[in-house]
Amino acid sequence: MVIGNDTLGYPILVCENAEPSLRAFVRARGRRCVVLADAQPDVAARARALAARLPRCLGVLPIALGEPRKRLATVEAIADALLAAGADRATLAIGVGGGVANDTFGLAAALFMRGVTYAHVATSLLAMLDASIGGKVGVDTPAGKNLVGRFSDPVAVFADLQALRTLPFREIRAGLAEAVKHAILAGGESFDMLEMLAPHRFERWPWGEVVARSVAIKAAVVRADREERGIRATLNLGHTFAHAYESASGYRIAHGAAVALGLRAAGLLALRGGLFTREAHLRVLALLALLGMPLSTRVPADAALAAMRGDKKRRDGSLRFVLPDEIGLVHADVRVPDARVRSVLHAMEAPPGDAEH
Ligand SMILES: NC(=O)c1ccc[n+]([C@@H]2O[C@H](COP(=O)([O-])OP(=O)(O)OC[C@H]3O[C@@H](n4cnc5c(N)ncnc54)[C@H](O)[C@@H]3O)[C@@H](O)[C@H]2O)c1
Ligand SMILES: [Zn+2]
């Protein structure tokens, strides 16, 4: 099974097994290639299995990753490893791994010898339906996440669904939070499908369809606004709250869980500002609950608000949010008075109840 998407001008292939498509792609390019792999054992094993079948492959370079290693020092080490492996400007670099691999390998490829072509094989759900779509690459610095980076399109993206078999449950959930976000942006069948699947065990989900739909939603938004000057900001739905909860909890709340909290908070904020309907909001909450996502937090409202005030999305003194209007219609850059944000953050300290309005 392969579901293709070329909305962004390069192939994004959702594959049960990426190996045949990747091999065909490399053969058609007729160039040497080199494989950069997240050194996590399951991912590195997958990368070696893929590389074994690739023509003119210089080998597999395992690179220790994880968010703390998403740094310029790692980019430098990758450049040295590429040179040592014999890569030159004509070599196709193929990265295998999750979102951290996408961002770090993608930036290294964009900089190595002033730029070599790059293809990504996504092995985490989040990388498949979010991080590898849209051409953003970059690394963190001590001062900020993704602070150093650029827009740099890959030549191809492969979602390797078989890799999901070794992906831990909490990482599946991280990806699903973004899938729910995409489904709120698109509405219609995308949202219905997640509602229908949510009660079933993940092993039985048609992942190809789930990933392909989510990819299509993100790719369409990115295509309309590649450099994030307008509509692409809607992809940040729930994320102003999410970043505040991550930071105020000292990063004990994982990104996916924080996004789920952020989706409830954005829904509440919309409701209290006269957008969205209670019925639509409750539908979103029911879906998140079925998927096992948290809906309330012990992070105090004041701590979350303080974190939010430090967020870069604050302009001219008032907070701005991406808010849902309907399932299928989301607005960016909505100004909201601080008092309303504070009341929503207070509501988030308790589970949803009758007062969800
Ligand atoms: N570029 C973008 O547009 C964009 C968008 C969203 C997120 N991101 C970035 O993506 C990163 C998060 O991505 P992520 O959640 O994939 O993190 P990740 O790459 O760190 O992967 C999560 C964990 O799963 C492991 N893993 C990956 N695939 C596996 C597999 N098949 N089997 C077993 N283990 C596996 C990884 O080693 C890691 O421990 C963040 O740094 C974020 O900033 C980028
Ligand atoms: Zn996110």
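Residues numbered from 1 in each chain as written. Chains lettered and ligands numbered in written order. Predicted model: local features only at pLDDT ≥ 70, side-chain atom pairs only at ≥ 80, totals over all residues. Heavy atoms only, no water.

Novice: How do you make sense of the site of ligand 1 when you look at a structure like this?
Specialist: Not every one of the 25 residues close to ligand 1 is listed here, only the nearest: Glu67, Gly99, Ser124, Lys145 and Thr166. Within the side chain of Lys70, one N or O atom sits 2.9 Å away from an oxygen atom of ligand 1. Contacts to ligand 1 include Gly99, whose backbone N or O atom sits 2.7 Å from an oxygen atom. Here ligand 1, which alone exposes 860 Å², has 83% of that area covered by the protein. For the shell around ligand 1, the secondary structure elements donating two or more residues are α2 (41–52), α4 (99–111), α5 (125–131) and β8 (144–151). The leading source of residues in the shell around ligand 1 is α4, at four residues. (Near = heavy atom within 4 Å. Polar contact = N/O pair within 3.5 Å; in protein donor to acceptor, adjacent residues only side chain to side chain. Areas by Shrake-Rupley, 256 points an atom, 1.4 Å probe, with all protein chains shown as cover. Helix = DSSP H or I, 4+ residues; strand = E, 2+ residues; numbered from the N terminus.)

Novice: How should I be thinking about a nonpolar patch on the surface in this particular structure?
Specialist: Together, Leu72, Leu147 and Val148 make up a nonpolar patch on the protein surface, roughly 250 Å² of accessible area in all. When you line up the elements, Leu72 lands in helix α3 (residues 72–85). Owing to a relative accessible area of 43%, Leu72 belongs among the partly exposed residues under this scheme. (Patch = residues over 30% accessible without salt bridge, like charges linked within 9 Å, V, L, I, M, F, W, Y side chains within 5 Å. Salt bridge = Lys/Arg side-chain N within 4 Å of Asp/Glu carboxyl O. Buried < 20%, exposed > 50% of the residue type's maximum accessible area, 1.4 Å probe, protein only.)

Novice: Explanation requested: the packing of helix α6 (residues 169–186) against helix α10 (residues 255–272) in the structure shown.
Specialist: The relative placement of two packed helices is expressed as an angle between their axes plus a distance between the axes. Where α6 contacts α10, the two axes come as close as 7 Å, and the packing angle between them is 30°. Classified by the interaxial angle, the pair formed by α6 and α10 is roughly parallel. Taken as a pair, α6 and α10 cross one another with a handedness that is left-handed. For the pair α6 and α10, contact is made by Arg173, Ala174, Ala177, Glu178, Val180, Lys181 and Ile184 and by His255, Gly256, Ala257, Val259, Ala260 and Leu263, respectively. (Axes fitted to C-alpha atoms, helices over the stretch in contact; angles between N-to-C directions. Parallel < 35°, antiparallel > 145°, perpendicular 65-115°, else oblique. Left-handed = near helix turned anticlockwise from the far one by under 90°. Contact = heavy atoms within 4.5 Å.)

Novice: Would you explain the domain arrangement of the chain in this entry?
Specialist: Size of an interface, as often reported, equals the accessible area lost when the parts are brought together. Domain parsing of the chain yields domain 1 (2–166) and domain 2 (170–205 + 228–347). Between the C-alpha centres of domain 1 and domain 2 there is a distance of 29 Å. With nine residues of domain 1 at the contact, the number on the domain 2 side is ten residues. Between domain 1 and domain 2, the buried area comes to about 770 Å², and carbon and sulfur atoms account for 63% of it. Applying the counting criterion to the domain 1 and domain 2 interface returns one salt bridge. Summed over the shared surface of domain 1 and domain 2, the result is two residue pairs in polar contact (both at pLDDT 80 or more). Grouping the constituent residues of the side of domain 1 that touches domain 2 by class yields six nonpolar, one polar and two charged. (Domains from an automatic or database assignment. Buried area = accessible area lost by both parts, 1.4 Å probe. Nonpolar A, V, L, I, M, F, W, Y, C, P; charged D, E, K, R; others polar.)

Novice: Hey, could you run me through the coordination of the zinc ion (ligand 2) in this one?
Specialist: Angles at a metal have ideal values that depend on geometry: 109.5 degrees with four tetrahedral donors, 90 or 180 degrees with six octahedral donors. Within the protein, Glu178 (OE), His239 (NE2) and His255 (NE2) serve as the donor atoms for the zinc ion (ligand 2), at 2.0 to 2.1 Å. Binding-site remark: the zinc ion (ligand 2) is held by donors from one chain whose sequence spacing is E-x60-H-x15-H. Residue Glu178 is located in helix α6, and its partner His239 is located in helix α9 (residues 239–248); the two are separated by 61 residues in the primary sequence. We classify His239 as buried; its relative accessible area is 6%. (Donors = N, O, S within 2.8 Å, 3.2 Å for Na, K, Ca; no water.)

Novice: Sorry if this is basic, but what is going on with the pairing of strand β10 (residues 319–326) here?
Specialist: Of all eight residues in β10, six are buried, a share of seventy percent or more. Bridge analysis of β10 against strand β11 (residues 329–336) gives six bridges, and the strand direction is antiparallel. Within the sheet, the bridge partner assigned to Glu326 lies in β11 and is Leu329. Where β10 hands over to β11, the hairpin turn is made up of two residues, of which Gly328 adopts a positive phi near 115°. (Pairing = 2+ DSSP bridges.)

Novice: Before we go on, may I ask you to explain the sheet that holds strand β6 (residues 118–122) in this structure?
Specialist: Backbone-to-backbone hydrogen bonds pair the strands of a sheet. The strands run either parallel or antiparallel. Spatially, the seven strands line up as an open sheet ordered β1-β2-β9-β6-β5-β3-β4, and their pairing is mixed. Only two strands of the sheet have a single partner each, and these edge strands are β1 (2–5) and β4 (57–63). The mean angle between the axes of side-by-side strands here comes to 15°, regardless of whether they run parallel or antiparallel. In this structure, strand β2 (residues 12–15) lies alongside strand β9 (residues 156–160), joined through four bridges in parallel fashion. Looking at β9, one finds that Cys15 is bridged to Asp160. The strands touched by α2 within the sheet are β3 (33–38), β4, β5 (92–97), β6 and β9, with β3 carrying the most contacts at an inclination of about 165°.

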